[in-house]
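Analysis of the macromolecular model
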Amino acid sequence: MRTNTEQRKALWESGYVTPSLFGVRADNITPMTVVGTNTFIVHTPGSQKALIVDPGPPDVSHLRKVLAACANRGAEVGGILVTHHHIDHIAGTDLLRYLLTYGEDSVDPDAIPEGLSGERFKHNSVGRYPIVSFPEEGVPVYHTELGNLPDGPFAPFDGCPSMEIVSLPGHSYDMVGLLLADDQIILTGDLIFRYWSAVIPYVDGDLADYFESLSKLQRLVRTERVTQFAPAHGFPIDQPIKAIEGYRAHRHERLAAVEEIIDSGAGFDPSSVVQGVYGDITDPTLLRAAFLSTLTQLKYLANKRGVEFQFDPEEFYRRFPNHSQT
């Protein structure tokens, strides 16, 4: 994990990525979001509607910036797409839909009503998933759990760019990418970043799926359908093959380190392996992430070796009772 100074060096302050893609960075900087969540606006110049991808946190100021960016393009919001159910991506969806219905000044930024706070999405890892549902009234929401994001062409409204849904499980079971065909760019959610690694949380994520999703992205680049990635945190990636190869090498190096700890006597005991690989971690959020990632790696290596590995998700919550966000 980078230091605060390095994080700021890696800070993308939003703007156009392609003619059809504009990013607005949320200021929800944490050890897990690093530099905040990118909310993307997908809009064909001249079209009357825009698609918002990943509303981010329930932050009135951030969502007002998103709506202002749409207004500057002469577009109203025609739909909201959530790449996956993690709270830093989905939590602002209820608030955004409310602001779209009742106006940008309908909510006090310092007193967000409980029903719009995103709390219902909080327990979203290690076997505790939110019920992703939204009232039919209001702007449509698109998410894997709603059954309206199958792989293939995606055209939620007239005048939208040529788009395609690409399932990208690994970081989470439900994650999708959004490919903008004419711009040769794909929004990759939390699968891959430019300056730091992605967490693959236990149960919710799967390392075998993750490797396959990286291969899927690689095929899109090799066939010249994609030349750029737009991750949900930090800068766009303009050297996609280099990024994929770096990620794959990093994962295999980490797996080799875990195997070395396993074979040195730790076995498949998660606490011993975390200590052996990561050393002493004092930040509880980072320790939680390291523990989740280690569990995923142990599961992957157990499958590879043909041995059984199980870990009770409730044990995780006993260890980390106040750190339930991903």
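Use the structure listed above.
I will try to describe carefully the structure that is included in this document. The structure presented is a predicted model; accordingly, all values stated were derived computationally and were not measured. (Residues numbered from 1 in each chain as written. Predicted model: local features only at pLDDT ≥ 70, side-chain atom pairs only at ≥ 80, totals over all residues. Heavy atoms only, no water.)

**What about the overall build of the chain?**
The helix and strand inventory of the chain stands at nine helices and eleven strands. When the backbone C-alpha atoms are referred to their principal axes, the chain occupies close to 65 × 45 × 40 Å. For the chain, buried positions account for 54% of its 326 residues. Looking at the chain alone, contacts between residues at least 24 apart form 65% of all its contacts between residues at least 6 apart. Summed over all atoms, the accessible surface of the chain reaches about 14000 Å², with 47% contributed by carbon and sulfur. Separation of charge centres in the chain, based on 27 positive and 42 negative side chains, amounts to 5 Å. (Helix = DSSP H or I, 4+ residues; strand = E, 2+ residues; numbered from the N terminus. Buried < 20%, exposed > 50% of the residue type's maximum accessible area, 1.4 Å probe, protein only. Contact = heavy atoms within 4.5 Å. Areas by Shrake-Rupley, 256 points an atom, 1.4 Å probe, with all protein chains shown as cover. Lys, Arg positive; Asp, Glu negative; His and termini not counted. Charge placed at Lys NZ, Arg CZ, Asp CG, Glu CD.)

**Here we look at helix α7 (residues 270–278)**
Along α7, the residues classified as buried are Pro 270, Val 273 and Val 274. Seen end-on, α7 carries its buried residues on one side only, within an arc spanning 100 degrees. For α7, the secondary structure elements touched by its buried residues are α6 (240–266) and α8 (284–305). A positive phi of about 75 degrees marks Gly 279, the residue just after α7. (Arc of directions from axis to C-beta.)

**Here's the deal with the pattern of salt bridges**
The tally for this structure, following the rule as stated, stands at 13 salt bridges. A salt bridge links Asp 105 to Arg 64; the nearest nitrogen and oxygen atoms lie 3.5 Å apart. Placement of the pair is Asp 105 in the loop between α4 (93–102) and β6 (141–142) and Arg 64 in helix α2 (residues 60–72), with a sequence separation of 41 residues. On the accessibility criterion, Asp 105 (71% relative accessible area) is exposed. One salt bridge in this structure joins Glu 164 and Arg 225, with 2.6 Å as the shortest N-O distance. (Salt bridge = Lys/Arg side-chain N within 4 Å of Asp/Glu carboxyl O.)

**Observations regarding the pairing of strand β9 (residues 176–180)**
Taken across its five residues, β9 has five buried, putting it largely inside the fold. Judged by which residues are buried, β9 turns out to be covered on both faces: Val 176, Leu 178 and Leu 180 on one side and Gly 177 and Leu 179 on the other are all buried. As paired strands, strand β8 (residues 163–167) and β9 are joined by five bridges and run antiparallel to one another. In the sheet register, Ile 165 faces β9, and the bridge partner there is Leu 178. Sheet topology places β9 next to strand β10 (residues 185–189); three bridges connect them, and they run antiparallel. If you follow Leu 178 over to β10, its bridge partner there is Leu 187. Between the end of β9 and the start of β10, which pair antiparallel, lie four residues, with Gln 184 showing a positive phi angle near 55 degrees. (Pairing = 2+ DSSP bridges.)

**Focus on unusual backbone geometry**
Phi is mostly negative for residues that are not glycine, and the peptide bonds are mostly trans. Even without a glycine there, the phi angle at Gln 184 is positive, about 55 degrees. Its place among the elements puts Gln 184 in the loop between β9 and β10. Non-glycine residue Val 203 carries a positive phi angle of around 75 degrees. You can see Val 203 is positioned in the loop between β10 and α5 (207–222). Under the relative-accessibility criterion, Val 203 is labelled partly exposed at 31%.

**Let's talk about empty space enclosed by the protein**
Summed over all chains, the structure comprises one cavity of 30 Å³ or more. The computed volume of the largest cavity comes to approximately 40 Å³. Contributing to the lining of the largest cavity are Asn 38, Phe 40, Val 53, Asp 54, Thr 83, Leu 187, Thr 188, Gly 189, Ala 230, Pro 231 and Ala 232. Its residues assigned to classes, the lining of the largest cavity comprises six nonpolar, four polar and one charged. (1 Å grid on protein atoms, 1.4 Å probe; cavity = no way out; pocket = protein on both sides within 12 Å on 5 of 7 lines; lining within 4 Å. Points joined across faces, edges and corners; volume = space filled by probe spheres on them. Nonpolar A, V, L, I, M, F, W, Y, C, P; charged D, E, K, R; others polar.)

**As for the sheet that holds β9**
Taken together, the five strands give an open sheet; going across it, the order is β7-β8-β9-β10-β11, and neighbouring strands pair in mixed fashion. Looking at the sheet topology across the chains shown, the edges are occupied by β7 (152–154) and β11 (228–231). In this sheet, neighbouring strand axes are inclined to one another by 30 degrees on average, regardless of whether the strands run parallel or antiparallel. The sheet contact formed by β10 and β11 spans four bridges and is parallel. Its bridge partner lying in β11, Ile 185 is registered against Gln 228. Across the sheet, α5 touches β8, β9, β10 and β11, and the angle it forms with β8 is around 150 degrees. (Axes fitted to C-alpha atoms, helices over the stretch in contact; angles between N-to-C directions.)

**Digging into the pairing of strand β3 (residues 38–42)**
When you tally the buried positions in β3, you get five out of five residues, the bulk of the element. A two-sided burial pattern is seen for β3, the buried positions comprising Asn 38, Phe 40 and Val 42 on one face and Thr 39 and Ile 41 on the other. Sheet topology places strand β2 (residues 21–25) next to β3; five bridges connect them, and they run antiparallel. Opposite Arg 25, over in β3, you have Asn 38 as the bridge partner. Looking at chain direction, β3 and strand β4 (residues 49–53) are connected through three bridges and run antiparallel.

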